[in-house]
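# Structure assessment
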Amino acid sequence: MIHFIKTRKTQLNKLLSKILGAGKQFPSFHFTKENGDWSIDFPEDKQQFSLEEIAQGKPILITYYVPEWKEYAEQQLWLLQKSVRRLSELGVQILTITNLSIPKIKELKSSEKLNFSIYHDDNQEIAKAIGLLSEQTPCTQFYAGISENLPLPASFLVLANGLIIHHFIDIELKSYLSYKEIEVFVNNYKNFDFFLQILVYKVYRFNIYIIFLHNQTDYIN
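Notes on the structure follow. All figures in this text were calculated on a predicted structure; none of them were measured in a lab.

## Quick look at the overall build of the protein chain
- Secondary structure assignment for the protein chain yields seven helices and ten strands.
- Total accessible area on the protein chain stands at roughly 12,800 Å², and carbon and sulfur atoms take up 53% of it.

## Here's the deal with the pairing of strand 7 (residues 117-120)
- Here strand 7 shows a buried face lined by Ser117 and Tyr119 and a second buried face lined by Ile118 and His120.
- As judged from the two bridges shared by strand 3 (residues 36-37) and strand 7, these two strands associate in the antiparallel manner. Among the inter-strand pairings, Asp37 is bridged to a residue of strand 7, identified as Ile118.
- Pairing between strand 6 (residues 93-98) and strand 7: four bridges, direction parallel.

## Comments concerning the pattern of salt bridges
- Under the counting rule described, the total for this entry stands at seven salt bridges.
- Asp37 is paired through a salt bridge with Lys109; the nearest N and O atoms lie 3.0 Å apart. With Asp37 in strand 3 and Lys109 in helix 5 (residues 102-112), the pair connects residues that are 72 residues apart, well separated along the chain.
- Judged by its relative accessible area of 16%, Asp37 is buried.
- Residue classification places Lys109 among the buried residues on the basis of a relative accessible area of 9%.
- Through salt bridges that share partners, Asp37, Lys106 and Lys109 make up one connected network.

## Brief notes about the sheet that holds strand 7
- Across the sheet, six strands lie side by side as 3-7-6-5-9-10; this open sheet has mixed pairing. The two strands at the open ends of the sheet, each matched to only one other strand, are strand 3 and strand 10 (164-168).
- Note that strand 5 (residues 60-65) and strand 9 (residues 154-158) share five bridges and pair antiparallel. Along strand 9, the bridge assignment pairs Thr63 with Ser155.
- Docked against the sheet, helix 3 (residues 71-82) engages strand 5, strand 6, strand 9 and strand 10, running at close to 155° with respect to strand 5.
- Packed onto the sheet, helix 5 meets strand 3, strand 5, strand 6 and strand 7 and runs at close to 160° relative to strand 7.

## Details of helix 5
- Listed in full, the buried residues belonging to helix 5 are Ile102, Ile105, Leu108 and Lys109. The arc enclosing the buried residues of helix 5, seen along the axis, measures out at 120°, which places them on a common side. Residues Pro103, Glu107 and Ser110 are exposed on helix 5 and point more than 90 degrees away from its buried face.
- Looking one or two places after helix 5, you find Lys113, whose phi comes out positive at around 55°.

## Topic: the nonpolar core
- Counting residues in hydrophobic clusters, the biggest one holds 67 residues, and the most contacted among them are Phe26, Phe31, Ile54, Trp69, Leu132, Tyr143 and Phe156.
- Those residues in contact with Phe156 that sit more than four places away from it in its chain are Ile19, Leu20, Phe26, Ile60, Leu61, Ile62, Ile130, Leu132, Ile164, His166 and His167.

## A look at the environment of Tyr189
- Its location among the elements puts Tyr189 in helix 7 (residues 179-220).
- In contact with Tyr189, not counting residues within four places along its chain, are Pro59, Leu159 and Ile165.

## Looking at the packing of aromatic side chains
- On inspection of all chains with the given rule, the structure shows ten aromatic pairs.
- Seen in terms of ring centroids, Phe29 and Phe31 are 6.5 Å apart; in terms of plane orientation they differ by 65°. Their pairing is edge-to-face.
- Relative to Tyr119, the ring of Phe31 lies with its centre 5.0 Å away and its plane at 75°, an arrangement referred to as edge-to-face. One end of the pair, Phe31, is in strand 2 (residues 31-32); the other, Tyr119, is in strand 7, with 88 residues separating them in the sequence. Comparing Phe31 with Tyr119 shows no difference in burial state: the two are buried.
- Grouped by ring-pair contacts, the aromatic residues Phe29, Phe31, Trp38, Phe42, Phe49 and Tyr119 constitute a single cluster.

## With respect to the side chain of Asp170
- Topologically, Asp170 is positioned in the loop between strand 10 and helix 7.
- Polar contacts involving the side chain of Asp170 include one to the main-chain amide nitrogen of Lys174, which spans 2.6 Å.
- Setting aside residues no more than four positions away along its own chain, Asp170 makes contact with Tyr72 and Ser175.

Cut-off values and rules
- Residue indices begin from 1 for each chain and proceed along its sequence in written order.
- It should be noted that, the model being predicted, local features are given only for residues of pLDDT at least 70 and side-chain atom pairs only at 80 or more, the latter also being counted only at that level, while totals for whole chains, interfaces and linings use all residues.
- Here the side-chain values reflect all heavy atoms present in the structure, with hydrogen atoms and water set aside.
- Helix and strand assignments follow DSSP, with helices taken as H or I runs no shorter than four residues and strands as E runs no shorter than two, numbered in order from the N terminus.
- Shrake-Rupley sampling with a 1.4 Å probe provides the accessible areas, and residues are treated as covered by the protein chains on show and by no other component.
- Categorising residues by exposure relies on relative accessible area from a 1.4 Å probe, with only protein chains included: less than 20% of the type maximum marks a residue as buried, more than 50% marks it as exposed, and the intermediate range marks it as partly exposed.
- Strands pair, by our definition, only if DSSP identifies at least two bridges between them.
- Here, a salt bridge means any side-chain nitrogen of Lys or Arg that lies within 4 Å of a carboxyl oxygen of Asp or Glu.
- Any two residues whose heavy atoms approach within 4.5 Å at even a single point are treated as in contact.
- Where helices are involved, their axes are fitted lines through C-alpha atoms of the stretch in contact, as for all axes, and angles between N-to-C directions lie from 0 to 180°.
- Directions drawn from the helix axis to the C-beta atoms are what define this arc.
- Residues grouped as a nonpolar core are buried Ala, Val, Leu, Ile, Met, Phe, Trp, Tyr and Cys residues, joined through side-chain atoms within 4.5 Å.
- Paired rings are identified among Phe, Tyr and Trp, the last through its six-membered ring, by centres lying within 6.5 Å, and are further divided according to the angle between planes into stacked (under 30 degrees), edge-to-face (over 60) and tilted (the rest).
- Whenever two N or O atoms come within 3.5 Å, that pair is a polar contact, provided that in protein one can donate a hydrogen and the other can accept it, and provided that, for residues adjacent in sequence, both atoms are side-chain atoms.

And the structure:
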């Protein structure tokens, strides 16, 4: 059983402060076809993809899954699979990143009947880049029940352009990112995007009107 050592919360906050949060840009990685088991259709001749290509113009939920977190990781995966249909209806792509090898990923997807994309993080480079794994501050300092430094289990809601609009991590391993929470942030983004479109349109119409008045004045003169 893994549990958080509460007396070391202050030290852990230093590690948490390095995790990319809302308003930050998700690192620009090139994801390779061979390093993932994909539930997204890509051109057959394309071997590398950007995050934008994976997102396909939609918000994307990126979850870091590490089986060594045991019960917490199992529940995290189960809840994600349970939300696949509703996330799809909401217009959200799903990408799970893991330290598992490709054969283990295929075995996991088959045994758990998972129908979302899972990507192997080679040398855990992605985990390091987004702040979930630190060699200087190993998570073994803060948790009892694990014997190796592991990426922290976390989720990021990212726009197609790479902007992070929400991230979730529970250091005490007691709660999970819910569909409702995702829905709120996605809808807020959609409403804000719609507002911007209206604003741009109104500015455009105003500029046209100013040009019209200017032309009328020139005509009168």
